[in-house]
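Reading the structure
If you want the building blocks of each chain, they are given just below.
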Amino acid sequence: MTERQEQIVQNVQRHRETILEAERWLWAHPQTGYTEWEAHDYLKGKFEGLGYSLALAGNIPGFYTDLDTGRPGPKLCIMGELDALDIAGHPESVNGMTHCCGHHAQGAALLGIAAALKEPGALEGMSGSIRLMAVPAEEMIQLGFREELRQKGVIRYLGGKVEFLARGFFDGVDLSLMVHGTNEKDVDFTCGLGCNGCIAKTIRYKGRSAHAGGAPQQGINAQYAATLGLSACNALRETFPDRDSIRFHPILGGVNCAVNIIPDEMKIESYVRGRTLEAIRRENKKINRALAGAALAIGAGVELHDRPGYSPEYHDPAFMKLVEQCCKDLVGEGKVRFRYDGWSTGSSDFGDITCVMPGVQFNAAGATGTGHGIDYQTADPDRQCVGSAKAQLLVADALLKEDAAAAKGIVAGYEPKYPSAAAFLAALDAMVLDKDAVVYDGQGNATVDYQNAE
């Protein structure tokens, strides 16, 4: 490492105990998306204690703060996520929630970055500015709750980053960076080219209740319609082109009636994931057709509610190369694995950001167990949190040093999917669907309509 890189590493190391303390505190106080007020308040207090002035989201958790180098140049946003998961089976769950996604480690690293940037000479030689951002609601869960917030006007979008984008929190930002945890053993940092996006779906089959034993012929079984619909969707799987990485994974919500009653309602939540928004839209139409056809076969109704979930995440290769080199400078070439053709079929709302600007989300080792599993733990917080903070600050320096030449080059060479945040949000809004897909006229006829107008 250069003398400057050594200084950056030492700036973080001076705050190691603060980072490790934050990791344990955040782990012990998990809350799910748009309710993460404990983590928000904790980090808010810590940031303000360091002398930062914060722009608060207000009616939802989250905030950002800017550090200006005093020299003109691009703005880099470094993010940490706040939310946990519903996973009551985890042995350390709190009120049924656990940070088995590793977002608590991101918050701890973000605090370490904030503290290190207050050290003397931390911004020396850099141009432009850095925005540090604590973001809510990355996990696309509790769709009913988030839809209630949307209906009340609290939020416009289900995911935290796209909600912040709509609120103007990324105005003036030129490129973005963040780190997720991973359970890799042999390497410290990894990264792939990107990951799937998704549409979030809520499906409600509507039947008619009746006595299940005495008069089942008078009922319409919504549960049967739902299971038939899912079987129809499963029969479509071989029609999904391999190149599109399509995933459909529904979960039944259960019935609200006794065993001797024909169920008149069955709710389903799901995503349709894919490698491109075009593929997601195309295959989602087929899914909706199958769901509607099953309702028609049983004589049930079905409501389809589609919401933009997350956009496919694409890491700019030029930006990746810079990040890779910084990671190698920190831990050595043998501890870094970047795959420029690697693709994940999971999803993240970081993809919404890469639709409008260059960004990289790489991974820091230190976790054990299964991501989103009941055995997930942060086993080595020095790697997952302290090492993450060091790597991110090395990247920030590499981007913004020498009149921010590297950052300017990456921004100039990037071709975003959409020319502006406004154009991107308009495309998302066009994906919203709320329809009774099968409507009966009382004369034995039915109208089927399961898609948006083109």
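Structure first, text after, so check above.
Residues numbered from 1 in each chain as written. Predicted model: local features only at pLDDT ≥ 70, side-chain atom pairs only at ≥ 80, totals over all residues. Heavy atoms only, no water.

**Some words on the environment of Ala 389**
- Within the element layout of this structure, Ala 389 appears in helix H11 (residues 381–413).
- The spacing of Ala 389 and Val 179 is 210 residues in sequence and 8.8 Å in space, taken between C-alpha atoms. (Helix = DSSP H or I, 4+ residues; strand = E, 2+ residues; numbered from the N terminus.)

**Section: the packing of helix H2 (residues 16–27) against helix H3 (residues 37–49)**
- Between H2 and H3, the shortest axis-to-axis distance is 10 Å and the interhelical angle comes to 160°. Judged on the interaxial angle alone, H3 and H2 are roughly antiparallel. Between H2 and H3 the crossing geometry is right-handed. On H3, the residues that touch Glu 21, Ala 22, Trp 25 and Leu 26 of H2 are Glu 38, Ala 39, Tyr 42, Leu 43 and Lys 46.
- For the contact of H2 with H3, a count of residues per class yields six nonpolar, no polar and three charged. (Axes fitted to C-alpha atoms, helices over the stretch in contact; angles between N-to-C directions. Parallel < 35°, antiparallel > 145°, perpendicular 65-115°, else oblique. Left-handed = near helix turned anticlockwise from the far one by under 90°. Contact = heavy atoms within 4.5 Å. Nonpolar A, V, L, I, M, F, W, Y, C, P; charged D, E, K, R; others polar.)

**Concerning the side chain of Ser 388**
- If you trace the backbone, Ser 388 turns up in helix H11.
- Polar contacts involving the side chain of Ser 388 include one to the side chain of Gln 392, which spans 2.9 Å.
- Beyond its immediate stretch of four places on either side in the chain, Ser 388 contacts Ala 109, Val 179, Phe 189, Ala 364 and Arg 383. (Polar contact = N/O pair within 3.5 Å; in protein donor to acceptor, adjacent residues only side chain to side chain.)

**Examining helix H9 (residues 317–331)**
- Relative to the 21 Å expected for 15 residues at 1.5 Å per residue, H9 spans 21 Å between its end C-alpha atoms, a close match to the ideal helical length.
- The inward-facing, buried residues of H9 contact helix H1 (3–13), strand S7 (175–182), strand S8 (189–191), strand S15 (336–338), strand S17 (359–365) and H11. (Expected span 1.5 Å × (residues − 1).)

**Let's talk about the pairing of strand S9 (residues 194–206)**
- Of all 13 residues in S9, ten are buried, a share of seventy percent or more.
- Sheet topology places S9 next to strand S16 (residues 343–347); three bridges connect them, and they run parallel. Bridge pairing in S16 places Asn 196 opposite Ser 347.
- Here S9 runs beside strand S14 (residues 313–314); their pairing, made up of two bridges, is antiparallel. Looking across to S14, one finds that Gly 194 is bridged to Tyr 314.
- As paired strands, S9 and strand S12 (residues 265–274) are joined by ten bridges and run antiparallel to one another. Looking at S12, one finds that Lys 206 is bridged to Glu 265. (Buried < 20%, exposed > 50% of the residue type's maximum accessible area, 1.4 Å probe, protein only. Pairing = 2+ DSSP bridges.)

**Comments concerning the packing of aromatic side chains**
- Under the defined criterion, the tally for this structure stands at seven aromatic pairs.
- Relative to Tyr 42, the ring of Trp 25 lies with its centre 4.2 Å away and its plane at 10°, an arrangement referred to as stacked. Of this pair, Trp 25 sits in helix H2 while Tyr 42 sits in helix H3, placing them 17 residues apart in sequence.
- Exposure remark for Trp 25: the relative accessible area of 27% places this residue in the partly exposed category.
- Plain terms: the ring middles of Phe 47 and Phe 63 are 5.2 Å apart, the flat faces sit at 70° to each other, and that makes the pair edge-to-face. You can see Phe 47 sitting in helix H3 and its partner Phe 63 sitting in strand S2 (residues 63–68), a full 16 residues away along the chain.
- An aromatic cluster is built from Phe 47, Tyr 52 and Phe 63, whose rings are joined through pairwise contacts.
- Just above the ring of Tyr 64 sits the side chain of Arg 131; from NZ or CZ to the centre is 3.9 Å.
- One residue, Lys 321, lies across the ring of Tyr 340, its end atom 4.6 Å from the ring centre. (Phe/Tyr/Trp six-rings, centres within 6.5 Å; stacked < 30°, edge-to-face > 60°. Lys NZ or Arg CZ within 6 Å of the ring centre and 35° of its normal.)

What is shown is where atoms sit, not what they do.
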